[in-house]
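Structural description and commentary
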Amino acid sequence: MKARIHITLKNGVLDPQGKAVAHALESLGYAGINDVRQGKYIEIDLAKNDADTTRETVERMCRDLLANTVIENFTVEVG
Amino acid sequence: MKAAVIVFPGSNCDRDVAVALEQSNGRKPVMLWHRDTALPPDLDIVVVPGGFSHGDYLRSGAMAAHAPIMRAVKARALAGLPVLGICNGFQILTEAGLLPGVLMRNEGLRFLCRDVFLRVDGADSLFTEHYVQGAVIRLPIAHHDGNYFIDDAGYKALCDNEQVAFRYCTSEGETTPNANPNGSHDNIAGVFSRDRRILGLMPHPERLADSRLGGTDGRPLFEALVEALS
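Keep in mind that what you see is a predicted model, and the values were worked out from it rather than measured.

1. Quick look at the layout of surface pockets
Space inside the largest pocket adds up to approximately 470 Å³. As for the largest pocket, its lining consists of 23 residues, and the residues nearest its centre are Gln17, Lys40 and Glu72 of chain A together with Leu58 and Arg59 of chain B. When contributions to the lining of the largest pocket are tallied by element, the ones reaching two or more residues are strand 1 (2-9) and helix 1 (16-27) of chain A together with helix 3 (88-95) and strand 5 (102-104) of chain B. Taken as a whole, the second largest pocket holds about 260 Å³ of empty space. Taken together, 21 residues make up the lining of the second largest pocket; nearest its centre are Asp64 of chain A together with His66, Glu95, Ala96 and Gly97 of chain B. Contributions of two or more residues to the lining of the second largest pocket are made by helix 2 (51-66) of chain A together with helix 2 (68-78) and helix 3 of chain B. In terms of residue class, the lining of the second largest pocket is built from 9 nonpolar, 6 polar and 6 charged.

Given below as structure tokens:
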């Protein structure tokens, strides 16, 4: 079973990398960019087959290590 | 004073801080590997040194914060053992939950390697009592992720408990935006735990603790520790 995890910065946390990406896109001629927020995508292949317990385990992984919940939110998809 | 320095794969200031400790203390610190599981029972302080533990993968300090030795450090720190985290060590202590806040990517995105001025805003601790409150000192920084972030409630608690140890400032001691090298909240360069027995700071006191290295502004920190803990 695969878990797909998106980790994003919380609202209100400045994202200098996202800002630099926005500037780079503008310098390439892309107009109308309001904001860019950069995050992480992590895919985990697990031996488990039960969606509920997998989700619970992966959410624990996020809180323990994969995300820093002081500044980041995470979402988990399993299947 | 019996000191231990933790060494992670990618630490690169472990020997520098060992030299600075020995110079002030007259005794070599114990070097502990990240896979060790126990601290010597009669230890007076643990130092988590600078570097790039685990290649800064995921987030700076995130992996090291969960190393086997850090379980022992955390348990003893919560029981009152002093801990000093410098640069990557500061990042590791925040990731381990021993210090509040997070060190994010520098606002200007560049790796910064230069001397900065710091104002001593918390001179009443076992780390800083050889400095004068409000004094301006000069120390080097060398980091990519030194942008100190803390939410509003956390910042209020830091201020209420006077947990800010150092702030980036001008040579005159003014904490202006221009004197802030990395975008840190309120120019914060170093913070204490609530009980003031844990200190994390981004600048490197061990790199300016000997006049042969061009300055000695870092030395009072090590001498204060020796006096307090011997």
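2. As for the sheet that holds strand 1 of chain A
Residues and elements named next belong to chain A. Here we have 3 strands laid out as an open sheet, ordered 2-1-3, and antiparallel in their pairing. Strand pairing shows two members of the sheet lacking a second neighbour, strand 2 (40-45) and strand 3 (72-78), which therefore form its edges. Strand-to-strand twist in this sheet, taken as the mean axis angle between neighbours without regard to direction, amounts to 20°. Bridging between strand 1 and strand 3 involves 7 bridges; their strand directions are antiparallel.

3. Let's talk about the side chain of Asn182 of chain B
Among the structural elements, Asn182 of chain B can be located in the loop between strand 9 (164-169) and strand 10 (188-192). Within polar-contact distance, the side chain of Asn182 of chain B engages the side chain of Tyr168 of chain B at 3.3 Å.

4. Let's talk about the packing of helix 1 (residues 14-25) of chain B against helix 5 (residues 219-229) of chain B
Residue and element names in this part refer to chain B. Put simply, helix 1 and helix 5 touch, their axes get as near as 9 Å, and they point 55° apart. Overall, the two elements helix 1 and helix 5 adopt an arrangement that is oblique. The handedness of the crossing between helix 1 and helix 5 is right-handed. The segment helix 1 lies against helix 5, with Val17, Ala20, Leu21, Gln23, Ser24 and Asn25 engaging Arg219, Phe222, Glu223 and Val226. Residues that form the contact of helix 1 with helix 5 fall into these classes: 5 nonpolar, 3 polar and 2 charged.

Reading the values: rules and limits
- Residues numbered from 1 in each chain as written.
- Chains lettered and ligands numbered in written order.
- Predicted model: local features only at pLDDT ≥ 70, side-chain atom pairs only at ≥ 80, totals over all residues.
- Heavy atoms only, no water.
- 1 Å grid on protein atoms, 1.4 Å probe; cavity = no way out; pocket = protein on both sides within 12 Å on 5 of 7 lines; lining within 4 Å.
- Points joined across faces, edges and corners; volume = space filled by probe spheres on them.
- Helix = DSSP H or I, 4+ residues; strand = E, 2+ residues; numbered from the N terminus.
- Nonpolar A, V, L, I, M, F, W, Y, C, P; charged D, E, K, R; others polar.
- Pairing = 2+ DSSP bridges.
- Axes fitted to C-alpha atoms, helices over the stretch in contact; angles between N-to-C directions.
- Polar contact = N/O pair within 3.5 Å; in protein donor to acceptor, adjacent residues only side chain to side chain.
- Parallel < 35°, antiparallel > 145°, perpendicular 65-115°, else oblique.
- Left-handed = near helix turned anticlockwise from the far one by under 90°.
- Contact = heavy atoms within 4.5 Å.

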